[in-house]
Structure formats: C-alpha cells, structure tokens
Amino acid sequence: MARFWVCVAGAGFFLAFLVLHSRFCRSPVLRNFTFAVSWRAEEILYRLDVDWPKHPEYFTGATFCAAVDSLNGLVYVAQRGDNIPKILVFTEDGYFLRAWNYTVDSPHGIFAASTQYEQSVWITDVGSGVYGHTVKKYSSFGDLVQVLGTPGKKGTGLNPLQFDNPAELYVEDTGDIYIVDGDGGLNNRLIKLSQNFMILWLHGENGTGPAKFNIPHSVTLDSAGRVWVADRGNKRIQVFDKDTGEWLGAWNNCFTEEGPSAVRFTPDGKYLIVAQLNLSRLSVVAAPPVGSIGECSVISTIQLADQVLPHLLEVDRKTGAVYVAEIGAKQVQKYVPLNSYVTPFGS
C-alpha cells in the first residue's frame, strides 16, 4: 500500500490531515492510500481545495496539463484517451462548462492567453496522427485559429518551422511565444517567436553544457524579464534573458533525485512552483532577486501519494491558486494559498 507524506508544522497538522483525508476519501483512484506524517519543520503555504472540481467524473483520461484564464475565470484541462473529449473547460469554482475535441490528437502542454478582446488557448500536440507535432491556437469553444509546425509530420526545420513532441509553451501579454520543443523527440530546443510567428532567437542543441538541453519540458517567465526552463533530463532549471536569449545561469542543486517537469511563478514573483513527476512532489522554491540567479532554495514541499505523477501545472495570476495535472491519478487538483501573500502579476 502506498504511503502519503504530509509535511506539517505545529498546529498545521490537524488542518492538513482533515483536508487530505476528505479529498482522498472521495477519490476512487486514491481511496486506498494510507497516510504518514513527517515532523520536518516547513512552512505550509497551500491547502488542497477538496471541492474542486464539483464533478471529477468528467476526468475520463490521463490528465496531462491545465491552463488558467485569469481574466475570465476559466480553467482548461487537457486529457488523453480513446473516444473521450480531450479538452475540458471549468470555472475557477469548479463547475463544468463544456468539452471539445476538434483537431486535438495527443495534448501535452496548454496555455490560456486571453485578452479583454479574445478568449484563446494554445495547445502543444505530440500525437502521431494528422494533427500531431504542432502548436495550435484555439478559441475557448474549440475553434481552430492558428497552426504552427507541419501537421502530422515531425522534423527539425526552421523554415518552415517544424516540431517533434513540443512539450509546452508560454505566451507573454505582448503576444511573444516561448516554446520548449523536444519531449523525447528529435529536438531539444527553446524557441522565442514574435506575435507574428517569426523566430526571434533559439537555443537548440542536445547536451549538458550551458544553453543545451536534454528534454526541455516546461517554460515560464518572471517579472524581471527572465525565461526559466525545466531541463528535465539534465536535472536542472536554466535561465535566459527574454530579450536577447543570453544564458544567465542554472539551478542544479535542488534536483539531484529527479529533474523538474514543470515550472511556474506565483503572482507576486516570490516563489517558483516546481513539479517532479516520478517523485510525485511539488516544491515551493524562493525566487532570486533581480540581477542574480544564485542557488535553489526550497521553502516548502507538498509530497503527493506514490504514482500520482504531477506532470504540468499552472498558477492563477489573480488568486495564486495552483492547478496540478496528475497523469497517474488521472485528475487535476487545486491548491489554494493559505495566506494572501500573492498579488497580481507585474503589480
């Protein structure tokens, strides 16, 4: 029987136990897990929202990723499986709205990039069918708007641009796009595209040195203009200047057991939330000050049950809530900040 380690401090034990016990009792996947307690002193920053979503039965496949449209209060979940809807749309309160499946093969990463004029969502598709090896933009209702790459054909080309298992992307408010291409495929690349889809800069070589990658799996930005990449196979996070692509440094010391699979900043920029897939662990890491990368420093951890497998995650830029897509447990879970330390991104 699997064991679930809960890191608690002082009076936080009772709250943590009640929340976790309630959540796991409702889950048909994880109902048989037992609990143990680690008395390691850590600051508890999040609680599990046991009421999200209201109807978890809509999760019918392996949930690979989640995206949050903070402007419109929407949460997108992408799942894989046969004869199931691939994209689910919920409210931030957990109510199911709709599902769609048009031109989606095997979703891997997803990002909501809405403005006050347009609700849109981007998906990286790693499927081997006619829609695979692409990065695609959709409306909130599943209408296909834009396709990057050569549908159904993997490759290394730049003109026209081709992908092979593109893992994830991050879209700036300016419309610029950062793509990590190479979840075990031909490519190990970080590409920055303009809002007109022109290549602005890229790093694209397999290896262990600076600006080289081995399965770049997740990408995000901070408010200081730095690009953070989960270089999963090399067990590190690499950092670049968003304007020039210059390599700024790397974090190696926090990921000796397993490389990071997902990276996202909290809205106030104080912390980086990191997922490690096979360890089934989430870590809250202190963000470095502007002008320094420094060393990785873990502030808090959330140890999930064995084989939950947190794959990718997203942070709501208004509320700071963390949505974790768990391919082992086949669900997305929502973690809410215990304290109101988060503030709107860029404020």
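Just above sits the structure.
Before going into details, it helps to say that this report is about the structure given with it.

The rules behind each value
- Along each chain, residues carry numbers from 1 onward, in the same order as the chain's sequence is written.
- Side-chain atom pairs in this predicted model are given and counted only at pLDDT of 80 or more, local residue features only at pLDDT of at least 70, and totals for whole chains, interfaces and linings cover all residues.
- Just so you know, side-chain values use all the structure's heavy atoms and leave hydrogens and water out.
- Every definition here rests on a 1 Å grid over the protein atoms only: cavities are sets of points where a 1.4 Å probe fits but cannot get out, pockets are open sets enclosed by protein on both sides within 12 Å along at least five of seven lines, and lining residues have some atom within 4 Å of a point.
- Grid points are joined across faces, edges and corners, and a volume is the space filled by probe spheres set on the points.
- A run of DSSP states H or I qualifies as a helix once it reaches four residues; a run of E qualifies as a strand once it reaches two. Both are numbered from the N-terminal end.
- Here the term charged refers only to Asp, Glu, Lys and Arg, the term nonpolar to Ala, Val, Leu, Ile, Met, Phe, Trp, Tyr, Cys and Pro, and the term polar to all other amino acids, Gly among them.
- Pairs of residues are marked as contacts when any of their non-hydrogen atoms sit within 4.5 Å.
- Relative accessibility under 20% of the residue-type maximum defines a buried residue, over 50% an exposed one, and the middle range a partly exposed one, all with a 1.4 Å probe and only protein chains included.
- Strands were regarded as paired on the criterion that DSSP finds at least two bridges between them.

Topic: the layout of surface pockets
A volume near 760 Å³ is recorded for the largest pocket. If you trace the largest pocket, you find 33 residues lining it, with Ala113, Ser114, Val171, Asp173 and Arg317 closest to the centre. Those elements that place two or more of their residues in the lining of the largest pocket are β4 (62-69), β8 (107-112), β9 (120-125), β12 (166-171), β16 (216-221), β20 (262-265) and β24 (310-315). Classifying every residue of the lining of the largest pocket gives 15 nonpolar, 9 polar and 9 charged.

Topic: the environment of Gly182
With respect to the helices and strands, the residue Gly182 is situated in the loop between β13 (177-181) and β14 (189-193). For the pair formed by Gly182 and Gly204, sequence separation is 22 residues and the distance between their alpha carbons is 9.7 Å. Those residues within four positions of Gly182 in sequence are excluded, and the remaining contacts are Asp164, Asn165, Pro166, Ala167, Asn187, Asn188, Ile215 and Pro216.

Comments concerning the pairing of strand β17 (residues 226-231)
Buried residues dominate β17, accounting for 6 of its 6 residues. Side chains of β17 alternate between two faces, with Arg226, Trp228 and Ala230 and Val227, Val229 and Asp231 buried alike. Inspection of the sheet shows β16 paired to β17 by 5 bridges, in the antiparallel sense. If you follow Ser218 over to β17, its bridge partner there is Ala230. Taking the residues between adjacent antiparallel strands as the criterion, β16 and β17 are bridged by 4 residues, where Gly225 takes a positive phi near 80°.

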